[in-house]
Amino acid sequence: MKKAFYMLSIAAMIIATNSCQKPKLPQSQDLTKQDASVALDWYKLQFRFLLERN
Amino acid sequence: MNGVYFGYLGIGLYESIRYGIKNSSSFSSSLYQMPAMPSIENNETYCWTASANATMASMIRYFNSGLTAANLASIDSLENFYNEKINIQTSATDFIRSQAFGRSVATAIYTWSKSDSFNPTNTGYVAPVFDGAWVPTPPAMISPPASPYVSNARPFLMANLTAVAPPFPFAYSEDTSSDFYKMEKEVYDVFQGLTTEQKNIALFWVDQGNGLGYTPDGHNMLFVSQAIEKTKVNLAIAAEAFAKSGIAERESNIACFRTKYKYNLLRPVTYIRKLIDPNWLSFIPTPPFPEYPAAHAFVTAAVVQAVTDLLGDHVSVTDHAYDFRGWTPRTYPSLFSAAEEAGISRLYGGIHYRVSISAGLNLGRDLGNMIGKIKLYDKQSNSNPNAY
């Protein structure tokens with residue numbers, strides 16, 4: 001019983017740390033490990049608009 | 001979207017994620033008349049990818065007026081693509097909070113941009129008349145010249161409120177033994193002996209816009225984007241690089257056009273047709289505004305120099321800007337070598353003097369260095385092995 005409780009607690013901790021941030025630590029999504037794809041994809045779209053419209 | 005708005009786009013991107021960077025500061029503490037940006041709620045969780053996604057989607061809607069239904073659908077589609085990815089990993093409340101923060105940053109940036117007095121028109125401008133002054137150039141003979149009021153736009157740097165480059169080094173002369181004549185003759189002689197490679201370089205950087213290709217601003221930012229992709233830097237570094245290169249794009253345009261309209265120097269085609277060859281035309285179209293300093297050299301140098309500390313100068317980048325035309329991509333051994341090629345392309349094109357290109361490169365490098373030195377956070381405590 002005790003072992004199952006510990007396993008559940010560990011699982012909950014893993015889920016919490018894998019979400020964007022841990023509570024009370026506003027910088028916990030580590031941007032140094034986050035790739036730049038979201039920025040690059042938006043710029044690619046902006047370049048396409050610029051090429052079509054200028 | 002006018003290319004000079006890339007500065008706002010990059011600043012907004014950085015502000016949307018900057019609370020995720022340890023001990024970072026806002027650009028509002030460094031840039032001229034930039035208002036305070038929205039803050040996050042204390043002790044609440046944020047997903048910075050969600051806030052960046054929301055900021056970029058909102059800003060691209062704000063800054064691109066008159067988008068077609070298909071283009072608006074492309075924005076929705078990209079925003080939804082990232083939202084769906086993020087939703088798998090993030091609680092609904094964290095996602096909504098992050099998205100709201102991102103949208104508030106976009107609104108704050110756009111509101112700020114509306115007071116910047118950027119005026120791309122030439123209405124009412126009268127060009128001065130003197131020996132060696134700019135006059136309309138063939139074949140289009142456009143008049144008044146373009147963008148005379150750009151220098152009135154609010155700069156990002158207080159130091160750039162009135163900055164003007166030193167005067168052109170040679171006094172106007174029609175004497176064949178003068179430095180001025182020799183400088184003009186060089187443009188003519190280069191044209192006579194253009195190699196295929198030189199023609200390719202001139203065409204690659206012609207960037208005439210008007211539905212025919214990128215604008216110079218668009219091409220420069222595309223180059224930075226390819227450098228960011230090549231170096232695989234993280235989102236924090238990429239956001240800073242997009243911001244600083246966008247700031248450099250705008251600042252160099254303001255400083256360059258302020259200088260162009262202070263000295264109002266004539267273009268090579270005017271002098272060469274008067275004194276060397278009455279039927280001569282430059283290899284690429286002569287832009288309809290004064291010559292000195294060379295804007296391609298100035299702006300591209302500023303843009304790449306602003307990100308050199310972040311991405312590294314000795315990064316080989318292949319520029320695929322004109323793949324869509326079937327043109328061979330061009331590879332540069334360093335960021336600054338692309339600026340040097342952009343600069344010399346204008347001599348090959350017959351539209352700039354070598355001395356104006358050198359001045360532009362030097363001015364751009366200095367301005368880019370100033371922007372690159374804006375310190376936003378301690379890189380050591382946010383170390384990234386890909387970037388340093």
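What you see is a predicted model; the values in this text were computed from it and never measured.

Enquirer: Would you mind showing me how to read the overall build of chain B here?
Expert: A count of helices and strands for chain B gives 13 helices and two strands. Taken over the C-alpha atoms alone, chain B extends approximately 75 × 45 × 40 Å along its principal axes. Across the 388 residues of chain B, 49% fall into the buried class. Looking at chain B alone, contacts between residues at least 24 apart form 82% of all its contacts between residues at least 6 apart.

Enquirer: Is there a simple way to think about the overall build of chain A in this case?
Expert: Of the regular secondary structure elements, chain A holds two helices and zero strands. Taken across its 54 residues, chain A has 20% of its residues classed as buried.

Enquirer: Just checking my understanding: could you explain the packing of helix H5 (residues 179-192) of chain B against helix H9 (residues 268-275) of chain B for this structure?
Expert: Any two packed helices are characterised by the angle at which their axes cross and by the distance between the axes. Residues and elements named next belong to chain B. For the pair H5 and H9, interaxial distance at closest approach is 10 Å and the crossing angle is 90°. Between H5 and H9, the crossing angle belongs to the class labelled roughly perpendicular. Seen from H5, the contacting residues are Glu 184, Val 187 and Tyr 188; seen from H9, they are Pro 268, Tyr 271 and Ile 272. The class makeup of the residues in the contact of H5 with H9 is five nonpolar, no polar and one charged.

Enquirer: Please clarify how helix H4 (residues 92-113) of chain B should be interpreted in this entry.
Expert: What sets the pattern is the α-helix's 3.6 residues per turn: residues three or four places apart point alike. Residue and element names in this part refer to chain B. Taking 1.5 Å per residue as the helical rise, H4 with its 22 residues ought to reach 32 Å, and the 32 Å between its terminal C-alpha atoms agrees with that figure. Those residues of H4 not exposed but buried are Asp 94, Phe 95, Arg 97, Ser 98, Gln 99, Phe 101, Gly 102, Ser 104, Val 105, Ala 106 and Ile 109. Elements that come into contact with the buried residues of H4 comprise helix H1 (6-17), helix H2 (48-63) and helix H3 (69-89).

Enquirer: For this particular structure, what's the right way to read the environment of Tyr181(B)?
Expert: Residues and elements named next belong to chain B. With respect to the secondary-structure elements, Tyr 181 resides in helix H5. Exposure remark for Tyr 181: the 18 C-beta atoms within 10 Å place this residue in the partly exposed category. Considered as a pair, Tyr 181 and Val 299 are 118 residues apart in the sequence and their alpha carbons are 27 Å apart. For Tyr 181, the residues in contact, after removing those within four places along its chain, are Ser 173, Glu 174, Asp 175 and Thr 176.

Enquirer: Sorry if this is basic, but what is going on with the confidence of the model for chain B here?
Expert: Reading fine detail from the predicted coordinates is not recommended where pLDDT is low. Residues and elements named next belong to chain B. Residues of chain B with pLDDT of at least 70 account for 97%, and the chain-wide mean is 95. In this model, residues 384-388 is a region of pLDDT below 50 whose contacts with residues beyond four sequence positions or in other chains number 14 contacts. Reported confidence for the predicted complex is 0.95 by ipTM and 0.92 by pTM.

Enquirer: Any chance you could explain the environment of Ser316(B) here in plain terms?
Expert: Residue and element names in this part refer to chain B. Tracing the backbone through its elements, the reader meets Ser 316 in the loop between helix H11 (308-311) and strand E1 (317-319). The class for Ser 316 is exposed, based on 12 C-beta atoms found within 10 Å. Through-space distance from the C-alpha of Ser 316 to that of Glu 240 is 20 Å; in sequence the pair is 76 residues apart. Dropping the residues within four chain positions of it, Ser 316 is found in contact with Thr 331, Tyr 332 and Pro 333.

Enquirer: What am I meant to see in the confidence of the model for chain A here?
Expert: All names here are of chain A. Chain-level statistics for chain A give a pLDDT mean of 68 and a share of 44% at 70 or above. When the criterion is pLDDT under 50, residues 12-19 qualifies, and its contacts beyond four places in sequence or with other chains add up to seven contacts. Note that pLDDT drops below 50 for residues 21-28; the model gives that stretch 18 contacts with residues more than four away or on any other chain.

Enquirer: I would appreciate a short explanation of the packing of helix H7 (residues 216-231) of chain B against helix H10 (residues 295-306) of chain B in the present structure.
Expert: All names here are of chain B. Packing of H7 against H10 leaves a shortest axis separation of 10 Å and a crossing angle of 30°. In terms of axis orientation, H7 runs roughly parallel to H10. Between H7 and H10 the crossing geometry is right-handed. Between H7 and H10, the residues in contact are Pro 216, Asn 220 and Val 224 and Ala 295, His 296, Val 299, Thr 300 and Val 303, respectively. Class assignment for the residues of the contact of H7 with H10 results in five nonpolar, three polar and no charged.

Basis of the calculations
Residues numbered from 1 in each chain as written. Chains lettered and ligands numbered in written order. Predicted model: local features only at pLDDT ≥ 70, side-chain atom pairs only at ≥ 80, totals over all residues. Helix = DSSP H or I, 4+ residues; strand = E, 2+ residues; numbered from the N terminus. Buried ≥ 20, exposed ≤ 12 C-beta atoms within 10 Å, placed from the backbone. Contact = placed C-beta atoms within 7 Å. Axes fitted to C-alpha atoms, helices over the stretch in contact; angles between N-to-C directions. Parallel < 35°, antiparallel > 145°, perpendicular 65-115°, else oblique. Nonpolar A, V, L, I, M, F, W, Y, C, P; charged D, E, K, R; others polar. Expected span 1.5 Å × (residues − 1). pLDDT = per-residue confidence, 0-100. Left-handed = near helix turned anticlockwise from the far one by under 90°.

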